[in-house]
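# Architecture and fold: a report
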Amino acid sequence: MNKNTVTLAASMLAAGLAFSGTVLAQDYPTKPITVVVPFSAGGPTDTVARLIAEVMSQDLGQQVVVQNVGGAGGTLGAGQVATAQADGYTLLLHHIGMSTAPTLYRSLPYDPTVDFAPIGLITSVPMTLVAKKDFEPTTLAELMDYIKANGENVTYAHAGIGSASQLCGMLLMDALDTQMTTVPYQGAGPAMTDIIGGQIDMICDQSTNTTSQIQAGEVKAYAVTTAARLGNLPDLPTTAEGGLDLQIGVWHGLYAPAGTDAAIITKLEAALQKALTDETVISRFAELGTVPVTAAEATPAALTELLTSQIALWKGVIEAAGVYAD
Ligand code: MLT
């Protein structure tokens, strides 16, 4: 075979592979899709994932199954998807932790900006400061004084270094210039169980994991971390109203492993956008204190832009706080 023949054969092979990829993408999906949630079942990220997955299943004509891979503040599950086959059958639903982990973990085994193909944003969830129901402080001002006076005698639950609850706790301790005793869990679901049971004093967690418990009187609530109060918790003051300089919203996104065919990403993006306009999703999100993003935000471009800017933002904050996982 001369050089020209070899080049022609290689081009035909490449064209053939590209063609078969296109054919596969056209048929996609032909089997169930797994969405990895990097926290325990029953927590806030899981709640968002299960609502979205059910509607995406209907649109895609295949089961979209949620798999909980908790541990290491979301980095175990994210790492699993980073190295999964890029065939559209393993996805990741993760939150703001995608942007904090690169600074918190000096030896993170994946790069959020390189190892994933973003599909789109989903929602931004307010956080709430809550405690076991017989916790002594009754207002946010009292809570701040209590934490300052009792420091490490106060126990603070979080879902591991890299979780939203850990981030909010870090911001709270920074704002009060006081350390609490932090207790890590594999997710905010089991953390909430222990707060309701009175084994742990408090947590700052997403409204998707606290609204029902606040409404049922199972936990004591002090503040919401958004600029405005929540419609379904109108008596709960904002952190700013209570004199606490702490504002945060927990954004969630959907990702595939890097290298996933662009046509598959486009199908998933369309299914995500459809799910976010579903009446059941909208009304359940509203009950839990959040709203889906617009179709323009449920896109790879919007998620890429936010991820990149948030990595830069949190790098400065985490380095100033000097908190690291390893
Ligand atoms: C967090 O704190 O990051 C989340 O609440 C974790 C979870 O979804 O369980």
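Residues numbered from 1 in each chain as written. Predicted model: local features only at pLDDT ≥ 70, side-chain atom pairs only at ≥ 80, totals over all residues. Heavy atoms only, no water.

### Some remarks on helix α9 (residues 262-275)
End to end, α9 covers 20 Å across 14 residues, agreeing with the expected 20 Å (1.5 Å per residue, within 8%). The N-cap of α9, judged by a side-chain oxygen 2.8 Å from the amide nitrogen of Ala-263 a few residues on, is Asp-261. (Helix = DSSP H or I, 4+ residues; strand = E, 2+ residues; numbered from the N terminus. Expected span 1.5 Å × (residues − 1). Polar contact = N/O pair within 3.5 Å; in protein donor to acceptor, adjacent residues only side chain to side chain.)

### A word on the state of the cysteines
Across all of its chains, the model carries 1 disulfide by this definition. In this model, Cys-168 is linked to Cys-204 through a disulfide, with the two sulfur atoms separated by 2.1 Å. In this structure, the disulfide formed by Cys-168 and Cys-204 twists by about 65 degrees around the S-S bond and is classed as right-handed. Taken together, the residues Cys-168 in helix α6 (residues 164-176) and Cys-204 in strand β7 (residues 202-206) connect sequence positions 36 residues apart. In terms of burial, Cys-168 and Cys-204 fall into one category: buried. (Disulfide = S-S within 2.5 Å. Buried < 20%, exposed > 50% of the residue type's maximum accessible area, 1.4 Å probe, protein only.)

### A few points about the pairing of strand β1 (residues 33-37)
For β1, the buried fraction is high: 4 of the 5 residues fall into the buried class. Relative to strand β2 (residues 64-68), β1 runs parallel, the two being bridged by 5 bridges. Looking across to β2, one finds that Val-37 is bridged to Asn-68. Handedness of the crossover joining β1 and β2 through helix α2 (residues 44-60): right-handed. (Pairing = 2+ DSSP bridges. Right-handed = clockwise from strand over helix to strand, strands pointing away.)

### Some remarks on empty space enclosed by the protein
Scanning all chains against the criterion turns up 2 cavities of 30 Å³ or more. As a volume, the largest cavity reaches approximately 60 Å³. Forming the walls of the largest cavity are Phe-39, Pro-44, Thr-45, His-95, Ala-159, Ser-163, Ala-164, Ser-165, Ala-188, Asp-205 and Gln-206. Those elements that place two or more of their residues in the lining of the largest cavity are α2, α6 and β7. Here the residues of the lining of the largest cavity sort into 5 nonpolar, 5 polar and 1 charged. When residues of the lining of the largest cavity are assigned to domains, at least three fall in each of domain 1 (32-124 + 250-321) and domain 2 (126-224). What lines the second largest cavity is Val-35, Ala-49, Ile-52, Ala-53, Met-56, Val-64, Leu-91, Leu-93 and Leu-254. (1 Å grid on protein atoms, 1.4 Å probe; cavity = no way out; pocket = protein on both sides within 12 Å on 5 of 7 lines; lining within 4 Å. Points joined across faces, edges and corners; volume = space filled by probe spheres on them. Nonpolar A, V, L, I, M, F, W, Y, C, P; charged D, E, K, R; others polar. Domains from an automatic or database assignment.)

### Topic: the domain arrangement of the chain
For interface size, the figure often reported is the accessible area lost on association. Domains assigned within the chain are domain 1 (32-124 + 250-321) and domain 2 (126-224). Inter-centroid distance (C-alpha atoms) of domain 1 to domain 2 is 25 Å. Residue-level contacts link 29 residues of domain 1 with 24 residues of domain 2. Overall, the association of domain 1 and domain 2 removes approximately 1,900 Å² of surface from exposure, summing both partners, and the carbon and sulfur fraction of that is 64%. It is Pro-44, Val-250 and Leu-288 in domain 1 that bury the most area against domain 2; as a group they hold 27% of the surface buried on that side. At the junction of domain 1 and domain 2, the tally comes to 6 residue pairs in polar contact (both at pLDDT 80 or more). Every element with two or more residues in the side of domain 1 that touches domain 2 is listed here: α2, α4 (97-104), β9 (249-257) and α11 (300-321). Looking at the side of domain 1 that touches domain 2, its residues break down into 13 nonpolar, 15 polar and 1 charged. (Contact = heavy atoms within 4.5 Å. Buried area = accessible area lost by both parts, 1.4 Å probe.)

### A few points about α6
Counted at 1.5 Å a residue, the expected span for α6 with its 13 residues is 18 Å, and the 18 Å between its end C-alpha atoms agrees. Within α6, 11 of the 13 residues are buried, which leaves the element mostly enclosed by the surrounding structure. Taken together, the buried positions of α6 are Ala-164, Ser-165, Gln-166, Leu-167, Cys-168, Gly-169, Met-170, Leu-171, Leu-172, Met-173 and Leu-176. Following α6 by one or two positions, Asp-177 adopts a phi angle in the positive range, close to 55 degrees.

### Considerations on unusual backbone geometry
The omega angle of the peptide bond from Tyr-28 to Pro-29 is 0 degrees, so this bond is cis rather than trans. Within the fold, Pro-29 resides in the loop between α1 (3-27) and β1. Positive phi values are uncommon outside glycine, yet Asp-177 reaches one of about 55 degrees. Within the element layout of this structure, Asp-177 appears in the loop between α6 and β6 (181-184). On the accessibility criterion, Asp-177 (71% relative accessible area) is exposed.

### So, the nonpolar core
Across soluble globular proteins, nonpolar side chains show a tendency to be buried alongside one another. One finds Ile-52, Met-56 and Met-202 to be the most contacted residues of the largest nonpolar core, which totals 86 residues. Listed in part, the 14 residues of the second largest apolar core include Ala-157, Met-192, Ile-214 and Leu-236. (Core = buried A, V, L, I, M, F, W, Y, C linked by side-chain atoms within 4.5 Å.)

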